[in-house]
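# What the coordinates show
Spelled out, the chains give:
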Amino acid sequence: MPEAQKYGDLKRRWEGFRKGWYKFSRNPVSVIGLVLVLGVSFVAIFAPYVSPYPTHARTFVDFSSASESPSGAHLFGTDVFGRDVLSRIFFGFRYSLMMGAVVLALVVIPGVILGLLAGYYRGTWIDTVIMRITDIFLAVPPLILALAVTSVLTPNIFNAMMAVSLMWWPWYTRLVYGLASSLRNEFFVQSAEVIGASRRHILFRELLPNCVSSIFTKMSLDMGWVILIGSSLSFVGLGAQPPTPDLGTMVADGAKYLPDQWWISIFPAFAIMLTVLGFNLLGDGFRDLFALEEI
Amino acid sequence: MPNDLLVVENLKKHFVTSRGTVRAVDDVSFTAREGETLGLVGESGSGKSTVAYTIIGLHAPTAGTITFDGKNMSTAVQKRPRSLKRSLQIVFQDPGTSLNPRRTIEQILSLPLQVHGVGTRRARRSAVIELLKSVELPADYVFKSPHMLGGGERQMVAIARALATNPRLIILDEPTSALDVSIQAKIINMLCAFQQEMNLTYLFITHDLSLMRNVASRVAIMYLGKVYELAPTDEFFERPLQPYTKMLLSSIPVVLPEEEAIKPSRIISKGEIPSPVNVPPGCGFHTRCPEMEENCDSDEPQLVEVEEGHFVRCHKCAEPAMEEIVGKE
Amino acid sequence: MSEQVLRIRNLHVQFKVYEGRLKVLNGVNMDVPLGSRVGLVGEAGCGKTTTMRCILGILQTPPGKITDGTIHFHDRDVLKMSQASLQRIRGGGISMIFQDPVAALNPVFTVGDQLTSVIRYAAAKKMAKKEVRRRAIRALGDVQLPDPDRMFTSYPVQLSGGMRQRVCIAMALATEPELMIADEPTTALDVTIQAQMLRLLNELVEERSTSVIFITHSLGVVKEMADWVYVMYAGNIVEGAKKDVLFANPLHPYTLGLMGALPKLTGGGIAEGIAGRIPDYLNPPTGCRFNPRCPRSMDLCSGERPEFREAEADHHVACYLYEGNADAQ
């Protein structure tokens with residue numbers, strides 16, 4: 001009996017997955033997003049193996065091939081130090097994705113928990129305290145806060161991530177607060193209270209599952225935003241430092257040589273754009289994926 | 001002699017809002033005896049749902065007492081002992097939102113079992129399947145989510161959930177209003193069967209008087225937060241005294257000629273139902289009452305027993321009874 | 001035979017979903033004579049709203065698809081019209097009242113704004129602002145709203161459910177349509193307000209000789225509102241008759257089941273209801289879709305679908321139990 005049950009469970013999971021794919025793929029644009037994200041991720045993970053010149057990602061100089069325009073040997077050309085732009089972009093994806101992933105990993109869990117608490121206890125002092133703190137953080141313009149933090153601390157990619165995290169968590173709190181406080185009065189939550197369920201159950205098993213769709217959509221869109229902000233910080237020199245092949249730094253370094261050696265700046269900028277676009281489109285797809293089908 | 005399982009005395013629930021104080025429940029008293037079905041009928045703003053939610057503990061009463069099986073429980077649900085939460089359950093009106101759309105039927109039905117002590121997952125799974133069987137749903141529904149079920153089936157799951165803890169009293173707040181007639185028939189018959197088997201007591205709330213006739217043993221009608229008439233079912237429907245009751249009964253669309261014959265003669269209701277924020281002075285019903293007298297807009301009538309078991313809140317109806325009382329003094 | 005303002009013949013509609021195709025409408029036939037009130041009775045999921053959407057051309061055509069049939073508004077097939085021609089019909093030719101007045105009115109515009117925009121849109125020529133306003137206020141008065149001038153500047157959120165529904169009725173009638181479709185317009189209202197609303201609709205419709213299709217799941221309401229009644233089940237019209245004929249002599253087993261399942265105001269308990277569930281539209285039963293649940297089904301019933309035929313004067317039924325009679329006639 002347990003064997004049959006396990007098989008039944010697996011079969012159900014597979015059906016669920018197929019149905020999810022059906023819902024997701026009905027919008028071809030979401031699939032494009034998925035392809036972009038998967039492509040960027042693949043390239044980032046396997047950068048040492050897929051880049052034509054993996055050593056160019058670190059300290060490297062070859063002035064004999066400096067500032068070459070795009071050609072067969074260097075698809076995206078080379079920069080002033082002779083480094084292959086394409087390979088550096090591949091490695092640059094690593095830093096962008098890592099920044100996004102780390103920031104979200106730090107920010108989502110606390111932000112969501114605070115939002116659930118504030119929403120469930122809406123109208124009480126818990127709500128007031130949490131939301132006013134959230135408001136304070138939200139009141140500071142994000143880039144200014146990041147700039148302030150990184151200029152006080154040593155500019156490096158780690159501190160840039162800390163700075164971005166610090167001003168990112170309130171958005172999740174606010175999102176989940178809105179959802180939780182309206183869900184809180186739905187009959188199914190009241191039912192759980194009448195039955196005597198613990199507060200923990202209500203927060204995490206009744207309210208949270210109904211927030212998951214919005215949270216995942218936001219996470220996907222946020223990857224794009226965090227990458228952009230990270231790139232902006234690098235652009236002004238407060239994020240990754242040379243010779244790290246961060247996309248933002250590459251755009252900054254190459255900006256001086258526009259419009260003649262346009263490839264040094266333009267291709268990294270384009271890479272940023274493609275990554276952000278991919279996550280945005282994917283985010284839309286998430287919303288379709290989590291939608292409930294009516295009968 | 002069945003005991004009084006639920007005793008509600010002078011219950012009040014007021015909400016303070018920006019538009020004023022909403023006197024949703026304004027001095028309501030009744031008792032529900034073990035094994036009977038007490039019906040609560042009323043239109044929007046009558047407060048019948050608020051009464052239900054206050055009894056079940058979703059609101060804390062503003063005033064008055066609620067006693068269940070001798071124990072005082074006039075508090076919000078969070079402060080009540082667990083044993084009380086087992087004995088008193090509720091089925092909500094809207095099957096669409098009373099079940100969490102993101103949980104499976106198994107998870108939904110396991111919750112009361114988990115909270116009230118059924119230990120292992122395996123034991124809970126078999127208990128859940130038993131519950132589904134008792135409401136005539138197939139066992140493989142455990143894997144489904146509420147949005148895959150029709151309205152009637154969802155409501156049956158909600159009923160199964162209410163029964164899971166073996167309660168003594170179930171509040172049914174318009175359990176079939178959103179459902180079709182044929183499903184309603186099935187559910188009502190099922191509820192009656194459960195009542196017999198398990199000696200359940202029901203507080204049955206609905207606006208559908210034809211349904212009430214077939215379900216309740218006693219009926220109370222509410223208007224703007226107060227009970228205006230309370231009587232055994234046959235009395236209520238065949239010899240209604242309160243003009244509001246008569247108005248309501250005369251407005252019901254019916255199909256059979258016998259039903260048409262039993263209705264009081266047509267009383268056209270004029271105007272809108274006042275909001276519970278602005279309860280008219282004196283008798284709350286006087287603005288729409290066709291039998292209004294002089295003092296109806298100034299003196300508030302009390303709920304008086306005019307015949308055995310038959311209570312009315314109305315100056316005109318209570319006159320003969322009042323005279324009797326005054327005469328005795 | 002009087003002229004038909006609407007004739008639906010053999011309407012088939014399918015919906016594409018993940019699991020396959022839902023064959024929702026399975027050959028719907030319906031006639032609406034000029035100036036009459038037609039009641040369409042059916043339970044949830046039977047396809048009544050889908051049919052109405054087809055009439056107005058607002059069926060969502062990615063998942064939905066009309067695979068067969070015609071709908072003639074006077075002498076033109078609505079299903080073959082372009083969107084532009086349909087726009088001209090909507091409002092002036094056919095208008096609609098929806099079930100939920102809260103959702104049907106835009107909360108950020110005043111009643112006046114919404115009413116005047118409807119009037120201006122449906123007008124044949126450009127009208128002066130004063131004239132439009134005058135008509136709007138008159139429309140508000142026609143639906144017996146108190147103080148139409150003040151109503152004109154109110155927002156929907158300030159009105160009660162009954163008043164909002166009256167505004168919707170005013171909007172539907174302001175364009176002076178030939179055919180008005182009312183989709184469960186009183187379901188969300190209290191009984192006494194519902195009674196007022198039905199009387200109002202009856203009066204208005206009589207004054208203007210508008211034809212009405214009144215959709216409801218309540219047989220009681222149909223009895224008050226309709227001249228002709230159609231009963232719908234699982235995508236088919238199973239019975240259609242003049243109201244008095246239908247109530248005096250219901251023929252189709254489904255109609256009989258519905259009437260049996262109704263709780264009677266005279267008491268006596270509720271009949272068992274109808275066994276089984278509504279069919280799975282992915283794989284509906286062959287032949288008559290009611291046959292799996294029918295207490296009187298025969299082998300013949302799962303073969304070909306029975307035709308909608310005249311069983312007696314002013315009475316059509318789609319059931320093999322009565323085929324013999326029709327042939328005999």
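All figures in this text were calculated on a predicted structure; none of them were measured in a lab.

Check the secondary structure of chain B and you find 11 helices and 12 strands. Of all 329 residues assigned to chain B, the portion counted as buried reaches 57%. If you take every contact in chain B between residues at least 6 apart in sequence, the share linking residues at least 24 apart comes to 62%. Between the centroid of the 36 positive side chains of chain B and the centroid of its 40 negative side chains there is a distance of 13 Å.

Regarding its fold elements, chain C presents 12 helices and 12 strands. Along the first, second and third principal axes, the C-alpha atoms of chain C reach 65 × 50 × 45 Å. Expressed as a percentage of its 329 residues, the buried residues of chain C come to 55%. Within chain C, contacts between residues separated by at least 24 positions form 65% of all contacts whose residues are at least 6 apart in sequence. If you sum the accessible surface of chain C, you get close to 14400 Å²; carbon and sulfur atoms cover 51% of it.

Each partner contributes residues to the interface: chain C has four residues there, and chain A has four residues. Buried area between chain C and chain A, summed over both chains or domains, comes out near 390 Å², and the portion from carbon and sulfur atoms is 54%. Three residues stand out in chain C for area buried against chain A, namely Lys-16, Tyr-18 and Glu-19 of chain C, and they jointly supply 93% of the buried area on that side. Here chain C is connected to chain A by two residue pairs in polar contact (both at pLDDT 80 or more). Taken together, the residues that form the side of chain C that touches chain A break down as two nonpolar, no polar and two charged.

What follows covers the interface of chain C and chain B. Each partner contributes to the interface: chain C provides 36 residues, whereas chain B provides 41 residues. Summing the contributions of chain C and of chain B, the shared interface buries around 3300 Å²; its carbon and sulfur component is 56%. Together, Val-191, Thr-192 and Leu-265 of chain C form the three largest contributors to the area buried by chain C at its contact with chain B, with a combined 22%. Taken together, chain C and chain B are joined by one salt bridge. Residues Arg-277 of chain C and Glu-153 of chain B are paired through a salt bridge, measuring 3.0 Å at the closest nitrogen-oxygen approach. Taken together, the connections running from chain C to chain B amount to 13 residue pairs in polar contact (both at pLDDT 80 or more). A per-element tally of the side of chain C that touches chain B places helix 8 (residues 191–208) of chain C first, with seven residues.

Before going further, it helps to spend a moment on the layout of surface pockets. All names here are of chain C. Taken as a whole, the second largest pocket spans an internal volume of roughly 480 Å³. Ser-95, Met-96, Phe-98, Val-118 and Met-171 are, among the 18 residues lining the second largest pocket, the residues nearest its centre. For the lining of the second largest pocket, the secondary-structure elements that each account for two or more residues are strand 6 (94–97), helix 4 (111–122) and helix 7 (161–174). Split by residue class, the lining of the second largest pocket holds 13 nonpolar, four polar and one charged.

Our focus in this paragraph is the sheet that holds strand 7 (residues 169–173) of chain B. All names here are of chain B. Spatial strand order, 6-7-8-3-9-10-12-11: eight strands in an open sheet with mixed pairing. Where the open sheet ends on each side, the last strands, each with one partner, are strand 6 (88–91) and strand 11 (303–307). Neighbouring strand axes in the sheet, compared pairwise and without regard to direction, differ in orientation by 20 degrees on average. Pairing analysis gives six bridges linking strand 9 (residues 218–223) to strand 10 (residues 226–232), with the strands arranged antiparallel. Paired with Ile-221 across the strands is Glu-229, a residue of strand 10. Its contacts with the sheet put helix 5 (residues 151–163) on strand 6 and strand 7, and the angle it makes with strand 6 is roughly 175 degrees. Contacting strand 3 (37–42), strand 7 and strand 8 (201–206), helix 6 (residues 181–198) runs over the sheet at an angle of about 155 degrees to strand 8.

Consider a sheet: its strands pair through backbone hydrogen bonds, and that pairing is either parallel or antiparallel. Residue and element names in this part refer to chain C. Taken together, four strands build an open sheet; the order of strands is 2-1-4-5 and the sheet is antiparallel. The open sheet is flanked by strand 2 (20–33) and strand 5 (76–77), the only strands paired with a single partner. In this sheet, strand 4 (residues 64–73) lies alongside strand 1 (residues 4–17) in antiparallel orientation, the contact comprising eight bridges. Residue pairing in the sheet places Val-13 in a bridge with Ile-66 of strand 4.

What follows deals with the confidence of the model for chain B. When the pLDDT values of chain B are averaged, the result is 87; 96% of them are 70 or greater. For chain B, the element scoring lowest by mean pLDDT is helix 11 (residues 315–328) of chain B, at 67; strand 7 of chain B scores highest, at 95.

Residue and element names in this part refer to chain B. Tallied over the full model, the rule gives 10 cavities of 30 Å³ or more. Space inside the largest cavity adds up to approximately 90 Å³. Around the largest cavity, the lining is made up of 13 residues, and of these Pro-243, Cys-283, Cys-289, Cys-296 and Cys-314 lie nearest the centre. Taken together, the residues that form the lining of the largest cavity break down as eight nonpolar, three polar and two charged.

According to the stated counting rule, one finds 24 aromatic pairs over all chains in the structure shown. Measuring from centroid to centroid gives 4.6 Å for Tyr-233 of chain C and Tyr-254 of chain C, while their planes differ by 50 degrees, and the two rings are tilted. Of this pair, Tyr-233 of chain C sits in strand 9 (residues 228–233) while Tyr-254 of chain C is found in helix 11 (residues 253–261), placing the two residues 21 residues apart along the sequence. On the accessibility criterion, Tyr-254 of chain C (1% relative accessible area) is buried. Between the aromatic rings of Tyr-233 of chain C and Phe-290 of chain C, the centroid separation amounts to 5.0 Å while the plane-to-plane angle is 85 degrees, which identifies the pairing as edge-to-face. Here Tyr-233 of chain C, found in strand 9, pairs with Phe-290 of chain C, found in the loop between helix 11 and strand 11 (309–312); they are 57 residues apart in sequence, far enough to count as distant. Exposure class is identical for Tyr-233 of chain C and Phe-290 of chain C. Each is buried. Among the aromatic residues, those joined into a ring-pair cluster are Phe-76, Trp-262, Trp-263 and Phe-267 of chain A. Here Arg-313 of chain B stacks its cationic end above the ring of Tyr-228 of chain B, 5.8 Å away from the centre of that ring. In this arrangement the basic side chain of Arg-133 of chain C is found over the ring face of Phe-152 of chain C, its NZ or CZ atom lying 4.6 Å from the centre.

What counts as what
- Residues numbered from 1 in each chain as written.
- Chains lettered and ligands numbered in written order.
- Predicted model: local features only at pLDDT ≥ 70, side-chain atom pairs only at ≥ 80, totals over all residues.
- Heavy atoms only, no water.
- Helix = DSSP H or I, 4+ residues; strand = E, 2+ residues; numbered from the N terminus.
- Buried < 20%, exposed > 50% of the residue type's maximum accessible area, 1.4 Å probe, protein only.
- Contact = heavy atoms within 4.5 Å.
- Lys, Arg positive; Asp, Glu negative; His and termini not counted.
- Charge placed at Lys NZ, Arg CZ, Asp CG, Glu CD.
- Areas by Shrake-Rupley, 256 points an atom, 1.4 Å probe, with all protein chains shown as cover.
- Buried area = accessible area lost by both parts, 1.4 Å probe.
- Polar contact = N/O pair within 3.5 Å; in protein donor to acceptor, adjacent residues only side chain to side chain.
- Nonpolar A, V, L, I, M, F, W, Y, C, P; charged D, E, K, R; others polar.
- Salt bridge = Lys/Arg side-chain N within 4 Å of Asp/Glu carboxyl O.
- 1 Å grid on protein atoms, 1.4 Å probe; cavity = no way out; pocket = protein on both sides within 12 Å on 5 of 7 lines; lining within 4 Å.
- Points joined across faces, edges and corners; volume = space filled by probe spheres on them.
- Pairing = 2+ DSSP bridges.
- Axes fitted to C-alpha atoms, helices over the stretch in contact; angles between N-to-C directions.
- pLDDT = per-residue confidence, 0-100.
- Phe/Tyr/Trp six-rings, centres within 6.5 Å; stacked < 30°, edge-to-face > 60°.
- Lys NZ or Arg CZ within 6 Å of the ring centre and 35° of its normal.

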